[in-house]
Amino acid sequence: MKYVVLFDVDGTLMEESPTHTMAFDYVCDEFFHVKTDIKSFPRQGMTDQGILFGILQNSGIDYDTIKSRINELLIELGDYTIKNMIEDDYVLLPYVEETLEEMEKNNFILGLITGNFSKIALERVSKAGIGNYFSFGGYGEDSAIRSELVQKAIERSKLNPNLNNVFVIGDTPKDIKSGKDVGTKTVGVATGVYGIKQLQDADFSIKNLKQYKKLIEFIKK
Ligand SMILES: [Mg+2]
């Protein structure tokens, strides 16, 4: 039996990247000369595209104008983040390495589902030393809608898996919803801003990855 496990990045594998976060305000100012405030925007679980549309529309820029420049915005967001990257941008959460190692031993097939622009996500996981665990993913430029990232990642796995054997693991209700919308199994990990209670729609939830053995048992059941 092949199990496909799709990991969210921020709040699940890693702490949020401060440079990536600040890059949103930078690109909005560069492109549209508006002062946005990413820190006060509830961005957890959102895609980079979704965040850009949200903060720019809040600043009075209309949808079509944003849409016409969204690719340029994402590229600049990526270039700025990578150029200014510091160690704080790729801090692994506790027990991530143990979890991934154990999953690899179990021959799980691992992918990423992240709202990060791919260039940013891949640079961060690679710098954190876990890049080799992941061979495919769904990323921020694929869509503003998270469930479409899940679909894209499953397509890219080229495995055509039974969705009962696909697991979306994330730290926000949006991650859980994205998996449910596609029909995968879902796992909540309460290491982001949400507690276990707020992740109760998931098929399984854990406080943190220290409980990775339980998680692996759940997947193999
Ligand atoms: Mg997250």
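Residues numbered from 1 in each chain as written. Predicted model: local features only at pLDDT ≥ 70, side-chain atom pairs only at ≥ 80, totals over all residues. Heavy atoms only, no water.

(A) Geometry of the domain arrangement of the chain. When the domains of the chain are assigned, the result is domain 1 (4-16 + 90-220) and domain 2 (18-87). Broken down residue by residue, the surface that domain 1 buries against domain 2 is led by E16, F117 and I120, which jointly contribute 31%. At the junction of domain 1 and domain 2, the tally comes to two salt bridges. The salt bridge involving R43 is made with E16; its shortest N-O contact spans 2.9 Å. Run the count over domain 1 and domain 2 and you get ten residue pairs in polar contact (both at pLDDT 80 or more). When contributions to the side of domain 1 that touches domain 2 are tallied by element, the ones reaching two or more residues are α5 (118-127) and α6 (146-157). Counting residues per element, the side of domain 1 that touches domain 2 draws most heavily on α5, at five residues. Residues that form the side of domain 1 that touches domain 2 fall into these classes: eight nonpolar, five polar and nine charged. (Domains from an automatic or database assignment. Buried area = accessible area lost by both parts, 1.4 Å probe. Salt bridge = Lys/Arg side-chain N within 4 Å of Asp/Glu carboxyl O. Polar contact = N/O pair within 3.5 Å; in protein donor to acceptor, adjacent residues only side chain to side chain. Helix = DSSP H or I, 4+ residues; strand = E, 2+ residues; numbered from the N terminus. Nonpolar A, V, L, I, M, F, W, Y, C, P; charged D, E, K, R; others polar.)

(B) Structural detail: the pairing of strand β5 (residues 185-189). Most of β5 is tucked away, with four of its five residues classed as buried. When strand β4 (residues 166-170) meets β5, the two strands line up parallel, connected through four bridges. Residue pairing for β5: I169 is matched across the bridge by V187. In this fold, β4 hands off to helix α7 (residues 173-182), which returns the chain to β5; that crossover is right-handed. (Buried < 20%, exposed > 50% of the residue type's maximum accessible area, 1.4 Å probe, protein only. Pairing = 2+ DSSP bridges. Right-handed = clockwise from strand over helix to strand, strands pointing away.)

(C) Region of the structure containing the pairing of strand β1 (residues 4-7). Burial of the side chains of β1 extends over both faces: V4 and L6 are buried on one face and V5 and F7 on the other. Where β1 lies against β4, four bridges are found, and the strand directions are parallel. Bridge pairing in β4 places V4 opposite V166.

(D) Looking closely at the environment of N162. Topologically, N162 is positioned in the loop between α6 and β4. The spatial distance from the C-alpha of N162 to the C-alpha of M1 is 9.9 Å, given a sequence separation of 161 residues. One polar contact links the side chain of N162 to the main-chain amide nitrogen of N164, over a distance of 2.8 Å.

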